[in-house]
Amino acid sequence: MLDRTTLQGTELETSRTGPRKPDLLSVEDAKALDVRTMADLFKDHINPGQFHFMKLLGFHKVKVESAEGMYYTDQNGRKILDFFGGFGSLAHGHNHPRVLEARKRFQDEGRHEIAIAFLSQYASALAKNIAACSPGDLDMVFLGSTGSEAMEAAVKVAERASGRKNCKIVHAENSFHGKSKGVLSLTDSPLYQGDFKLVGNTYKVPFGDLDALKRVVENDSDIGVVVLETVQGGGGIVTAPTEYWQGVRALCDRHDVVWVADEVQCGYGRTGKFYAFEHHGVVPDVTALAKSLGAGKAPVGAMIARREIYMKAYGTPKTAMIHAQATFGGIGEACITAIEGLNVLYDEDLIGNSAETGAYLKKRLEALQEKYPKIIKEVRGQGLMVGLEFQDFSKTLPLALRPMVAMLDDKLKGSLSGFIGAALLRDYDVLVAFTEYNRNVIRLEPPLICDESHVDIFCDALDDLLGRGIVSIVKNFIQSQVS
Ligand SMILES: Cc1ncc(COP(=O)(O)O)c(C=O)c1O
């Protein structure tokens, strides 16, 4: 065997029988890339079109060097307050010390990762923990890596359990359930659906409209599955009242339809309960988690099904392997990351904090809405999942500004959220999230460790910015693009 430590480069080269090593960057090279090179590589190898949008918002100038708690730190030592939170992926904040410690111990002990051949103590323990956090008999857990994968599993188990041969699926307008081919059919976005040939047999109904749902379900006995986000994230943080959810439960029971609640974004304590549906005293048949389940350090998704539903779909030896664990489902370090994350969630009462700090955030934003009624249209949401909708300025911006704004980007035309988000980052070191379906909405999903002092920093920054007035914010944005 070659002792590579004693061989110099040339000797190593001549002893090779495989291909020459391509021009590869090392880990240290990657860390040391400067902003300009990062941008060039992103354009050359990842997504040149997406770079255009990042540039428009000024996000392309930031290289994050480290992250801790509520903050990123960039290449200039600037601390950026994270009110974006990876669309709800950072419940524990960045680099939670207990999560880091659990991962380090796991590595130091030389533990194994891939869990296909043998049973995995880590996957089994994580599944048990997720079931313990879930109400009713939501006891059966499929582990994967992403929200889309969890939702694919959810729709599949529901379809089989529905018992319909020609099963049809209902979803909501403005829904987002992922971009993989199956759930893309249930994601109500012409942009994401592109011109792909979608899975057929789907119906779309307005979100929160029980009568519309009833009409569809009552008129077609092939409808076997209803898929709904409990709080619509991509739709701009849209909730529905308790009567709606109780009606959904009763309707599905009456017609033997399987209800799938997508909690990928709104679950995991985000709204002040572990699952958002718990606010309404109902339990769905199937649900899905991802994002914060990985505690900000690992990609982990999970489908959770009522035992009865799971057994109908995959309960016999003949059906057991139809949708069994994928290669990286239940991988060791991801599982222990999620196990530690769930323990931290309860030990630090992050769910209680989400409810309390979320209420404070809403109160402060509502005060700003009163102060700026011509700018802020609505504040909505639950816990630390808050949507801030601005008035639509597409028709009211001064005529002189409209073509300039349209020239920059058609999508930003009339959408204050882009201008405000860009200014918050540039002038106030605060990061917020945008909403693809509704360009007037900023999504606020900070880590659940957020406290009132962080809310004050954010709301004071927003107050100061809005105090400048719309025309000044837009002009400032345009100037920053040309300078
Ligand atoms: C409600 C909901 N479902 C599913 C997904 C898909 O998750 P992922 O991006 O991890 O595939 C998302 C992602 O934003 C989501 O918000």
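Each chain carries its own residue numbering, running from 1 in the written order of its sequence. At least 70 in pLDDT is required for a residue's local features to be given in this predicted model, at least 80 for side-chain atom pairs to be given and counted, and no such filter applies to totals for whole chains, interfaces and linings, which use all residues.

- The protein goes by Aspartate aminotransferase family protein in an unreviewed UniProt entry, where it is assigned to Fulvimarina endophytica.
- Note on the protein: under the UniProt heading Cofactor (unreviewed entry), the record states "pyridoxal 5'-phosphate".
- UniProt positions are given in the numbering used here, feature names are shortened, and annotations may be inferred rather than shown by experiment. Per UniProt, the protein has the following entry under Sequence similarities (unreviewed entry): "Belongs to the class-III pyridoxal-phosphate-dependent aminotransferase family."

With respect to the sheet that holds strand β10 (residues 301-306)
What links the strands of a sheet is backbone hydrogen bonding, and the strands pair in either a parallel or an antiparallel sense.
Stage number 1. Strands were regarded as paired on the criterion that DSSP finds at least two bridges between them. Note on conventions: DSSP H or I runs of at least 4 residues are helices, E runs of at least 2 residues are strands, and numbering of each starts at the N terminus. Taken in spatial order, the seven strands of this open sheet run β4-β10-β9-β8-β7-β5-β6, and their pairing is mixed. The open sheet has two edge strands with one neighbour each: β4 (138-144) and β6 (202-205). Averaged over all pairs of adjacent strands, the angle between their axes in this sheet comes to 20 degrees, without regard to strand direction.
Stage number 2. Here six bridges tie β4 to β10, and the two strands are oriented antiparallel to one another. Bridge pairing in β10 links M140 to A305.
Stage number 3. A pair of residues counts as a contact when their C-beta atoms, built from backbone coordinates, are within 7 Å of each other. Each axis is a line fitted through C-alpha atoms, and for a helix only the stretch in contact is used; angles between axes span 0 to 180 degrees, taken between their N-to-C directions. Contacts from helix α7 (residues 121-133) reach β4 and β10 within the one sheet, and its direction differs from that of β4 by about 135 degrees.
Stage number 4. Running at roughly 155 degrees to β6, helix α11 (residues 210-219) makes contact with β5 (168-172), β6 and β7 (223-229) of the sheet.

So, the site of the ligand
Stage number 1. In this analysis a residue is considered near a molecule or strand if the C-beta atom, reconstructed from its backbone, is found within 6 Å of that molecule or strand. Not every one of the 15 residues close to the ligand is listed here, only the nearest: G147, S148, G178, V264 and Q265.
Stage number 2. Considering each element in turn, the shell around the ligand owes the most residues, three residues, to helix α8 (residues 147-162).
Stage number 3. Only Asp, Glu, Lys and Arg are considered charged, only Ala, Val, Leu, Ile, Met, Phe, Trp, Tyr, Cys and Pro nonpolar, and every remaining residue, Gly among them, polar. When the residues that make up the shell around the ligand are grouped by side-chain class, the tally is five nonpolar, eight polar and two charged.

Quick look at the sheet that holds strand β13 (residues 430-431)
Stage number 1. The mixed open sheet is built from four strands, whose spatial order is β1-β2-β3-β13. The sheet is open, and its two edges are formed by β1 (64-68) and β13, each paired on a single side.
Stage number 2. Relative to strand β3 (residues 79-82), strand β2 (residues 71-74) is paired through three bridges, and the arrangement is antiparallel. Across the sheet, residue Y71 finds its bridge partner in β3, namely L81.

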